[in-house]
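One letter stands for each residue in the lines below.
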Amino acid sequence: MSSSSRVFARGFASAAAPRVHLSPAVRRLVEQFNVAIENLRGSGGKGRILKGDVLQYLNGAKSTSAASTQPAAAAPRSQPTSSVSASSPSAIQRPTQPRFEDLPLSNIRKIIASRLSESKRTIPHLYVSIECPMDKLLSLRKKLKEEHGVTASVNDFIVKAAAVALIKVPEANVSYINGQVKPNATADISVAVATEGGLITPIVKNANTKSIQAISAEIRDLATRAKANKLKPQEFQGGSFTISNLGMFGIDTFSAVINPPQCCILAVSRSEKRITSGLPAVDLWNSSDEILPASADSPLQLPLPTVETVMTVTLSSDRRGVDDVTAAKFLKSFKQIMAEPMILMA
């Protein structure tokens, strides 16, 4: 490796210690996860630290579980005399303490815990929720599968809908870095994936420009490689917006923790059928809206109740970069897209 392609690891070498040189990819990982160089063992030539060495440290083999704590042996009890009744405290058998063991955290789980704790301590979280109609989207999904052989999950539609909404409301597509709000030029959607080592967020880049079929194939590939620990750093580092979906677990509603420096994360809950009145929505701030149209020629007739499928989503946003109005505008745009999903087929 030439000297121009090497980067000196700032802050990890002292004047007395030999200088440590890292490649750009290794340096990004070290800075991203705040890894101390002295904890790494290089497997490259002359002990040079490689990207695989950092990833191996982060995923770390789980150490041997702590030995189970055994309850202390009870002291022998003296036989009760005939003058002591069977119901006296000395005759009661005390239950043994349950056995347990402490499960150690892997290095990646420690880092996740540290970052999310810092997020909750330092970021002023703003929470805004909205209900999205889902019947048209579910019908479109079924039609794509039956007529075109396109198999896509609801989450695939959500990813593109969020990306399109970010383009429509660019004020929400920002990051907060070093006390400044940084607009993002592209809608790169991070999708939370559960692995044995913890949650990881592979990125669907430029999601607003991709078809539902392409997004579906890309998410499946990223999720498979994430669970096998085969993602490249650029495939999970960065992103401008995160989606965390627990709808498949039947969760009614939840709020997600922001993944800095991103300013927004969308928590997606389950879809459910509800009986509605059939009446149109009324804007109470607009006095011209009427619940029912006035007609002198026909008697008053209330519409029949209907059943519709709705899904609740909650946006967590960094109030320093995305204020209340911007968060509301984003969710309004997102809801409109989910209600008319043919927009996503353009």
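Just above sits the structure.
Counting from 1, residues in each chain are numbered in the order their sequence is written. pLDDT decides what is reported in this predicted model: residues at 70 or higher carry local features, side-chain atom pairs at 80 or more are listed and counted, and totals for whole chains, interfaces and linings draw on all residues regardless. To obtain the side-chain values, all non-hydrogen atoms of the structure were used and water was disregarded.

## Re the packing of helix α1 (residues 24-33) against helix α2 (residues 51-59)
Cut-off, in case you're wondering: Axis lines are fitted through C-alpha atoms, for helices just across the contact stretch, and the angle between N-to-C directions can take any value from 0 to 180 degrees. A run of H or I in DSSP counts as a helix once it spans at least four residues, and a run of E counts as a strand once it spans at least two, with each numbered from the N terminus. Roughly parallel means an angle under 35 degrees; roughly antiparallel means over 145; roughly perpendicular covers 65 to 115; every other angle is labelled oblique. When checking whether two residues touch, look at their non-hydrogen atoms; a contact exists if any pair is within 4.5 Å. Residues were grouped as follows: Ala, Val, Leu, Ile, Met, Phe, Trp, Tyr, Cys and Pro as nonpolar; Asp, Glu, Lys and Arg as charged; and all remaining residues, including Gly, as polar.
The contact between α1 and α2 brings their axes to 8 Å, and the two run at 25 degrees. With respect to α2, the element α1 is oriented roughly parallel. Here A25, V26, L29, V30 and F33 of α1 come into contact with α2, specifically with K51, V54, L55 and L58. When the residues that make up the contact of α1 with α2 are grouped by side-chain class, the tally is eight nonpolar, no polar and one charged.

## Some thoughts on the packing of helix α5 (residues 154-168) against helix α7 (residues 324-339)
In plain terms, the rule: If you view the pair so one helix is near and one far, a crossing is left-handed when the near helix is turned anticlockwise from the far one by less than a right angle, and right-handed when it is turned clockwise.
Taken N-terminus to C-terminus, the directions of α5 and α7 make an angle of 130 degrees; their axes are 9 Å apart at the nearest point. Considering their axes alone, α5 and α7 lie oblique with respect to each other. For the crossing formed where α5 meets α7, the hand is right-handed. Between α5, through I158, A161, A162, V164, A165, L166 and K168, and α7, the contact on the second element is made entirely by F330, S333, F334, I337 and M338.

## Section: helix α4 (residues 135-148)
The α-helix winds at 3.6 residues per turn, so residues separated by three or four positions along the chain end up facing the same way. Heads up, the rule is: In a helix, the anticipated span is given by 1.5 Å times the number of residues less one. Each residue's exposure class comes from its accessible area (1.4 Å probe, protein chains only) as a fraction of the maximum for that residue type: buried when under 20%, exposed when over 50%, partly exposed otherwise. Directions drawn from the helix axis to the C-beta atoms are what define this arc.
Taking 1.5 Å of rise per residue, 14 residues should cover 20 Å, and α4 covers 19 Å from first to last C-alpha, within 8% of that figure. Regarding α4, the residues found buried are L137, L140 and L144. Burial along α4 is one-sided: seen end-on, the buried residues are contained in an arc of 60 degrees. Counted as exposed and oriented over 90 degrees from the buried face of α4: K142, K145, E146 and E147. On its buried face, α4 sits against α5 and α7. A positive backbone phi angle near 70 degrees is found at G149, which sits one or two residues after α4.

## Side note on the environment of G239
With respect to the helices, strands and loops of the structure, G239 is situated in the loop between α6 (212-227) and β10 (241-245). When the C-alpha atoms of G239 and N184 are compared, they prove to be 9.0 Å apart, with 55 residues separating the residues in sequence. Excluding residues that lie within four positions of it along the chain, G239 makes contacts with D188, S190, I203 and Q262.

## Quick look at the environment of L304
Mapping L304 onto the fold places it in the loop between β11 (264-276) and β12 (306-318). Overall, L304 belongs to the exposed group, its relative accessible area being 69%. Separated by 28 residues in sequence, L304 and T276 place their C-alpha atoms 9.0 Å apart.

## Some words on unusual backbone geometry
Of note, the amide linkage connecting P260 to P261 takes the cis form, showing an omega dihedral of 10 degrees. Relative to the helices and strands, P261 resides in the loop between β10 and β11. Phi is positive for N34, close to 55 degrees, though the residue is something other than glycine. Position of N34 relative to the elements: it lies in the loop between α1 and α2. Even without a glycine there, the phi angle at N229 is positive, about 60 degrees. Here N229 lies in the loop between α6 and β10.

In short, geometric facts, not functional conclusions.
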